[in-house]
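This is what each chain is made of:
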Amino acid sequence: MLLSEVAKKLVDEKLKDHKKRLTHVYGVCEMAEELAKRYNVDIEKARVAALMHDYSKYDDPIENEYMLTDEEKEECKKFPFLYHAYFSAYNYKKLFDNYDMDIFNAIHNHVFGRPNMSILEAIIMISDFTEKNRTYDDCIKCREILLNGDMDMAIYESLVATQNVCIKNNNPIHPIQEEVLREYERKVKNR
Ligand SMILES: [Fe+2]
């Protein structure tokens, strides 16, 4: 059985009571596959990372905190939306023998990427923002840019949009979020 078939079975079972979330996960998988083809990334890896990226979306932070490093615990207290990404990554590692570090990183960092991320990490992060079931204006705009072939610009625009939402809602900006935004700003403005 292909690893992506294993991942699909696992996530189907895990999110069986969250049909909308599953639809989102399949959307991310479809977009990630398309981008993997375009950017010469292993399609199986892209599928597994996409299918597992929200695996732990509804897992209880207190029950699962043991999986995290002390640093991650502190970080998640300030930025609780990171819990699901970290738990999903650790569960991927636990569930797959011979886990792949690039897939682990792509799941772990899917919320706002990280400086100098791999192409797979970038693909999962931007697929999460632009998959076809996302209907916000910002997502539609980024999807257009992405499908026109400009992944760096799509990532830049997605980071700007996310930061604007944080500012509007008075949520703190994570230093990594800020750093990745600056990195992509340099990329798209210096060409
Ligand atoms: Fe997601």
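What counts as what
- Residues numbered from 1 in each chain as written.
- Predicted model: local features only at pLDDT ≥ 70, side-chain atom pairs only at ≥ 80, totals over all residues.
- Helix = DSSP H or I, 4+ residues; strand = E, 2+ residues; numbered from the N terminus.
- Buried ≥ 20, exposed ≤ 12 C-beta atoms within 10 Å, placed from the backbone.
- Contact = placed C-beta atoms within 7 Å.
- Axes fitted to C-alpha atoms, helices over the stretch in contact; angles between N-to-C directions.
- Parallel < 35°, antiparallel > 145°, perpendicular 65-115°, else oblique.
- Left-handed = near helix turned anticlockwise from the far one by under 90°.
- Nonpolar A, V, L, I, M, F, W, Y, C, P; charged D, E, K, R; others polar.
- Core = buried A, V, L, I, M, F, W, Y, C linked by C-beta atoms within 7 Å.
- Expected span 1.5 Å × (residues − 1).

Draft legend 1. Focus on the overall build of the protein. Per the secondary structure count, the protein includes eleven helices and zero strands. For the C-alpha atoms alone, the extent of the protein along its principal axes is close to 40 × 35 × 30 Å. Across the 191 residues that make up the protein, the buried fraction comes to 38%. Partitioning the contacts of the protein with sequence separation of at least 6, the portion at a separation of at least 24 is 58%.

Draft legend 2. Examining the packing of helix α10 (residues 151–168) against helix α11 (residues 175–189) more closely. Viewed as axis vectors pointing N to C, α10 and α11 meet at an angle of 140 degrees, and their least axial separation amounts to 9 Å. Overall, the two elements α10 and α11 adopt an arrangement that is oblique. Seen from above, α10 lies across α11 with left-handed handedness. Facing D152, M153, I155, Y156, L159, V160 and Q163 of α10, the residues of α11 in contact are Q177, V180, L181, Y184, E185, K187 and V188. In terms of residue class, the contact of α10 with α11 is built from nine nonpolar, two polar and three charged.

Draft legend 3. View of the packing of helix α2 (residues 19–38) against helix α3 (residues 43–52). It is at 8 Å that the axes of α2 and α3 come closest, and there the two elements cross at 155 degrees. Classed by the angle they form, the pair α2 and α3 counts as roughly antiparallel. Helix-helix and strand crossings are classified by hand; for α2 and α3 the assignment is right-handed. From α2, V25, V28, C29, A32, E33, A36 and K37 reach across to α3, where they touch I43, A46, R47, A49, A50 and L51. Of the residues assigned to the contact of α2 with α3, the class counts are ten nonpolar, no polar and three charged.

Draft legend 4. Molecular detail of the nonpolar core. In terms of nonpolar packing, the biggest core is built from 49 residues, with A32, A49, M52, I123, I126 and I155 touching the most fellow members. Setting aside its immediate chain neighbours within four residues, A49 contacts A32, I103, A106, I107, L120 and I124.

Draft legend 5. Just α2, in detail. For α2, with 20 residues, the first-to-last C-alpha span of 29 Å sits near the 28 Å given by 1.5 Å per residue. Turning to α2, its buried residues number three or more, namely H24, V25, V28, C29, M31, A32, L35 and A36. The elements touched by buried residues of α2 are α1 (3–14), α3 and α8 (119–130). N40, located one to two residues past α2, shows a positive phi value of around 55 degrees.

Draft legend 6. Representation of the environment of L35 within the structure. Its location among the elements puts L35 in helix α2. Classification of L35 by C-beta neighbours within 10 Å gives buried; the count is 25. For L35 and S127, which are 92 residues apart along the polypeptide, the C-alpha to C-alpha distance reads 8.3 Å. Those residues in contact with L35, other than ones at most four positions away along the chain, are I123 and S127.

Draft legend 7. Highlighting unusual backbone geometry. Although it is not a glycine, N40 adopts a positive phi angle of roughly 55 degrees. Mapped onto the secondary structure, N40 falls in the loop between α2 and α3. Look at N40 and you get exposed, because 8 C-beta atoms sit within 10 Å. Although it is not a glycine, N116 adopts a positive phi angle of roughly 55 degrees. Inspection of the secondary structure puts N116 in the loop between α7 (101–108) and α8. Here N116 falls in the exposed class, since 9 other C-beta atoms lie within 10 Å of it.

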